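# Structural characterization, general
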Amino acid sequence: MKAINPFQTVEYISPEYFCDRDAELQQIINSIDNQRNLTIVSQRRLGKTALIKHSFHHLKKRKDLSLHYFDIYATQNLAEFINVLSSSLIGYFESKPEKVLGQLIKLLGQFRPKLSFDELSGTPSVELSLQTVAETEQSLAAIFDYLSKQKQRVVIAIDEFQQITNYPEKNVEALLRTHIQMNDNVTMIYSGSNRRMLVSLFNDYARPFYQSTGFLFLDKIDPEKYKAFISKHFKKGGRKISDEALNFILDWAQVHTYYVQEICNRLYANGLSNIDVTEAKGVVLSILDERTPLYQVYKNILTVSQYALLMAIAMETSIEKPNASAFLTKYKLGAASSVIRSLESLETKDLILFENKQYALTDVFLMRWLQRQWKV
Ligand SMILES: Nc1ncnc2c1ncn2[C@@H]1O[C@H](COP(=O)(O)OP(=O)(O)O)[C@@H](O)[C@H]1O
Ligand SMILES: [Mg+2]
């Protein structure tokens, strides 16, 4: 087998390359075993998707469960949602006796399904022709009805769930909730990034969704566990990484999973047998250099005041009150009212987020890049 870099930055591979999250794994398994729906929330790139894959990896031998994962990030409306859902079900049942796949296709037959296979991977996908609201709702009902009749318990993980708040249909949440509540054979795992998702779930005055799911707020990985994980893998590869280098990496990347993984992946790829802070610094600089063309674009696409505010927040790492006069004066940001407007627009563009009562940049590398651009 080809040697793989132990620090993955794209896909989940196996528990071997996955650091900690033991308590979270237990929480997910416990939810599934006790038929409670669960919503996993964290800012981007902290490890929600990998955690779902990790828990499915642990559960895949369980004969009493059928596990389905799908990502709705790219869907624009309920019909597309249903297509992705049907495709993931068909993909799963495809490996089962043909009878099962046949049943599902028959069931969706009235919605004129077009079945196709990905040229490269052979993964099947289905597209239903859903022309009216009634048809859309009927197809969803048909799918859940089908799932309720399965012998195995069905677990459905919907990743990037906040996307449903962008659908033109306003009743998607209620619709899903109804089917899910009526269907005691299906356990749902929703996953999504912070604010917008929570707002969409909590804004409902009756909070029915809130009552129908438990929550897992995913935090950063414990730094000590992360350090042990990193040094173990370097050691396995016959290298040594110093404590200072580990501390530097975790601090510089703010223990944010994806950024730590990316740095370690590059450091590992260097093939050096002894890694100290100098090597770690070299790697982070090369990452920032590589991204410079991407990051320079912000100066053109943002207004002068938005860019100035982004830079100011980057310089502070995070800020509780961006309209406080000390902050405005320090970075010459002008009137508080215009800063509030810029803040909203940076948030809409997903460049900053508000969490733990602080505003901060969503992209740690961009934050570090801006800090290096700062000239008084
Ligand atoms: N516990 C972990 N140990 C090692 N790598 C992880 C861990 N959690 C996530 N990753 C890696 O970090 C990156 C970001 O994780 P991802 O699950 O895509 O985040 P999210 O879904 O929250 O945006 C991925 O490359 C993933 O493989
Ligand atoms: Mg994800």
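Nothing here was measured: the structure is a model prediction, and the numbers come from that model.

Calculation criteria
Residues numbered from 1 in each chain as written. Chains lettered and ligands numbered in written order. Predicted model: local features only at pLDDT ≥ 70, side-chain atom pairs only at ≥ 80, totals over all residues. Heavy atoms only, no water. 1 Å grid on protein atoms, 1.4 Å probe; cavity = no way out; pocket = protein on both sides within 12 Å on 5 of 7 lines; lining within 4 Å. Points joined across faces, edges and corners; volume = space filled by probe spheres on them. Helix = DSSP H or I, 4+ residues; strand = E, 2+ residues; numbered from the N terminus. Domains from an automatic or database assignment. Polar contact = N/O pair within 3.5 Å; in protein donor to acceptor, adjacent residues only side chain to side chain. Nonpolar A, V, L, I, M, F, W, Y, C, P; charged D, E, K, R; others polar. Axes fitted to C-alpha atoms, helices over the stretch in contact; angles between N-to-C directions. Parallel < 35°, antiparallel > 145°, perpendicular 65-115°, else oblique. Left-handed = near helix turned anticlockwise from the far one by under 90°. Contact = heavy atoms within 4.5 Å.

### Overview of empty space enclosed by the protein
Under the defined criterion, the tally for this structure stands at 1 cavity of 30 Å³ or more. A volume near 30 Å³ is recorded for the largest cavity. In terms of lining residues, the largest cavity is bounded by F70, F81, L85, F144, I156, I158, L176 and M188. Counting only elements with at least two residues in the lining of the largest cavity, the list comes to helix 3 (78–93) and strand 5 (153–159).

### Some remarks on the domain arrangement of the protein
Partitioning the protein into structural domains gives domain 1 (21–217), domain 2 (221–297) and domain 3 (302–376). Spacing between the C-alpha centres of domain 1 and domain 2 amounts to 35 Å. The interface formed by domain 1 and domain 2 includes 5 residue pairs in polar contact (both at pLDDT 80 or more). In the side of domain 1 that touches domain 2, the residues fall into 1 nonpolar, 1 polar and 3 charged.

### Section: the packing of helix 9 (residues 223–236) against helix 11 (residues 257–269)
The contact between helix 9 and helix 11 brings their axes to 12 Å, and the two run at 20°. As far as their axial angle goes, helix 11 and helix 9 are roughly parallel. The element helix 9 and its partner helix 11 pack so that their crossing is right-handed. Contact residues: Y226, F229, I230, H233 and F234 in helix 9; T257, V260, Q261, C264, L267 and Y268 in helix 11.

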